[in-house]
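# Close look at the chain arrangement
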Amino acid sequence: MSTPSLRAYVLRQNDDQSVTGGFEQISVNDLPEGDVLVKIAYSSLNYKDGLAVTNRGKIVRRYPMVPGIDFVGTVEASNSEQYPVGDEVILTGWGVGESHWGGYAEYARVKSEWLVPLPVGMTARQAMAVGTAGLTATLAILALELRGMEPDSGEVLVTGASGGVGSMAVAILGEWGYTVVASTGRQELSDYLKALGATEVIGRLDAPARPLASGRWAGAIDGVGGDTLANILSTLQYGAAVAAYGLAGGTALNTTVLPFILRGVSLIGIDSVMAPYEQRVNTWQKIVLDLPPEKFEMMMQVEPLSNIEQLSKRILTGEVRGRVVLDVSR
């Protein structure tokens, strides 16, 4: 009996250390070790995926590598009691697409502890409209709420609002009754952001003129970093916090201790990659219960996996709106 083959987008490192990517037919036996084999329905495009495909940012830890940090699909074979054949499952994070082959293929073999069940009431396409972006956005909001942020606290800022995490944050905050101010460099998307839940759309934030300015924000979710994050810290209300998850504007943070010691503000780091199982399951459940189906559709565009190279370049230049769901069969 012949071993089944599958289509995968594979990154390979050449002898001169350059990296090339392309679609290949590989064997299921080529997949790395794991106790669950998943037939993938959809993956998604994240900023990190764009960096991996374009060989920027040192995302990939070893070669060859199938990128794609998210996927959803059906269990095809299993040595796990938790996930029998036929279960629908989601994977986000855990180094998949970086050090373990990921979602840009028709199949993936992974560890069962990396998976979560597809929530009842959520479709596979919706799951990838959420993906790492939605998980990160929700974890950021919950972290701010633990710090005391409430819907009547005041305005909540979301930077990089037209991107995946930003769009999800705007939509969820809006559904939870917050007054959302969306910051974006793409003012042409103002109507889109207001439809998601923003009450106001502003441009990008520059470097702060002084360490402390008027306190405006009751909370903030930032995916930009750099001068934008420094600006946010200088304009948080007393006792407020910013949840930072990204670095599109740079890794350096030029600020002072004044916002921290004079206003008691907090800078909270958000990472969804290593989030524990129970936290993931609870977060997915909140998303499916609280986010209406029309918001998923508004944020989502479905593209064939065959367009991955073009899409990866676009996400790095800020040309992608919301969430790109990738159909791995095309």
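Preceding this section is the structure that the text describes.
The structure contained in this document is the topic of the report that follows. (Residues numbered from 1 in each chain as written. Predicted model: local features only at pLDDT ≥ 70, side-chain atom pairs only at ≥ 80, totals over all residues. Heavy atoms only, no water.)

Secondary structure summary: the protein contains 9 helices and 15 strands in total. Compactness check: the protein gives a C-alpha radius of gyration of 20 Å against a globular reference of 20 Å for 330 residues, within 12% of the reference. Its C-alpha atoms put the protein at 70 × 45 × 35 Å along the principal axes. Sorting the 330 residues of the protein into buried and exposed places 55% on the buried side. Nonlocal contacts in the protein, meaning residues at least 24 apart in sequence, comprise 70% of its contacts between residues at least 6 apart. (Helix = DSSP H or I, 4+ residues; strand = E, 2+ residues; numbered from the N terminus. Rg over C-alpha atoms; globule rule 2.2 N^0.38 Å. Buried < 20%, exposed > 50% of the residue type's maximum accessible area, 1.4 Å probe, protein only. Contact = heavy atoms within 4.5 Å.)

Attention now moves to the pairing of strand 3 (residues 36-45). Of all 10 residues in strand 3, 8 are buried; the element is thus mostly enclosed. The sheet contact formed by strand 3 and strand 4 (residues 70-78) spans 7 bridges and is antiparallel. By the bridge assignment, Val36 is partnered in strand 4 with Ser78. Here strand 3 runs beside strand 6 (residues 107-110); their pairing, made up of 4 bridges, is antiparallel. Paired with Lys39 across the bridge in strand 6 is Tyr107. Two strands pair when backbone bridges link them, and strand 3 and strand 15 (residues 323-327) are joined in this way by 4 bridges, in the antiparallel orientation. Opposite Leu45, over in strand 15, you have Val324 as the bridge partner. (Pairing = 2+ DSSP bridges.)

The 6 strands are arranged 10-9-8-11-12-13 in an open sheet whose pairing can be described as parallel. Lying at the two open borders of the sheet, with one neighbouring strand each, are strand 10 (198-202) and strand 13 (266-269). Between one strand axis and the next, the sheet turns through 20° on average, direction left out of account. Pairing between strand 12 (residues 241-244) and strand 13: 4 bridges, direction parallel. Counterpart to Ala244 in the pairing with strand 13 is Gly269. This element, helix 2 (residues 124-146), spans strand 11 (219-222), strand 12 and strand 13 of the sheet and lies at about 155° to strand 11. (Axes fitted to C-alpha atoms, helices over the stretch in contact; angles between N-to-C directions.)

The biggest cluster of nonpolar side chains holds 54 residues, and the ones touching the most others in it are Met122 and Leu173. Element by element, the count of residues in this core is highest for helix 2, at 13 residues. When residues no more than four places from it in sequence are discounted, the contact partners of Leu173 are Ile141, Met149, Val156, Val158, Tyr178, Val180 and Ile221. If you look at the next biggest cluster of nonpolar residues, it comprises 44 residues, including Val28, Leu45, Phe71 and Val320. (Core = buried A, V, L, I, M, F, W, Y, C linked by side-chain atoms within 4.5 Å.)

Below, the discussion takes up the side chain of Thr92. Relative to the helices and strands, Thr92 resides in strand 5 (residues 88-92). In this structure Thr92 touches Ile69, Asp70, Gly131, Thr132, Leu135, Arg280 and Trp284, once residues within four positions along its chain are discounted.

What follows covers the packing of aromatic side chains. What the rule picks out here adds up to 1 aromatic pair. When the ring centre of Phe23 is taken as origin, the NZ or CZ atom of Arg7, which lies over that ring, is 4.2 Å away. When the ring centre of Tyr192 is taken as origin, the NZ or CZ atom of Arg321, which lies over that ring, is 4.0 Å away. (Phe/Tyr/Trp six-rings, centres within 6.5 Å; stacked < 30°, edge-to-face > 60°. Lys NZ or Arg CZ within 6 Å of the ring centre and 35° of its normal.)

Working note: α-helix, 3.6 residues per turn, so residues spaced by three or four point in the same direction. Residues of helix 9 (residues 308-316) that are buried: Ile308, Leu311, Ser312, Ile315 and Leu316. Projection of helix 9 onto a plane perpendicular to its axis shows the buried side chains occupying an angular sector of 135°, all on one side. Among the exposed residues of helix 9, those pointing more than 90 degrees away from its buried face are Gln310 and Lys313. Residues of helix 9 that are buried sit in contact with strand 1 (5-13), strand 2 (19-27), strand 3, helix 1 (47-53), strand 14 (300-304) and strand 15. Looking one or two places after helix 9, you find Gly318, whose phi comes out positive at around 75°. (Arc of directions from axis to C-beta.)

This next bit is on helix 3 (residues 164-175). With 12 residues, helix 3 should reach 16 Å at 1.5 Å per residue; the first-to-last C-alpha distance of 17 Å fits that figure. For helix 3, the buried fraction is high: 10 of the 12 residues fall into the buried class. Phi for Gly177, located one or two positions after helix 3, is positive at around 90°. (Expected span 1.5 Å × (residues − 1).)

Without other data, these values stay purely geometric and don't point to any function.
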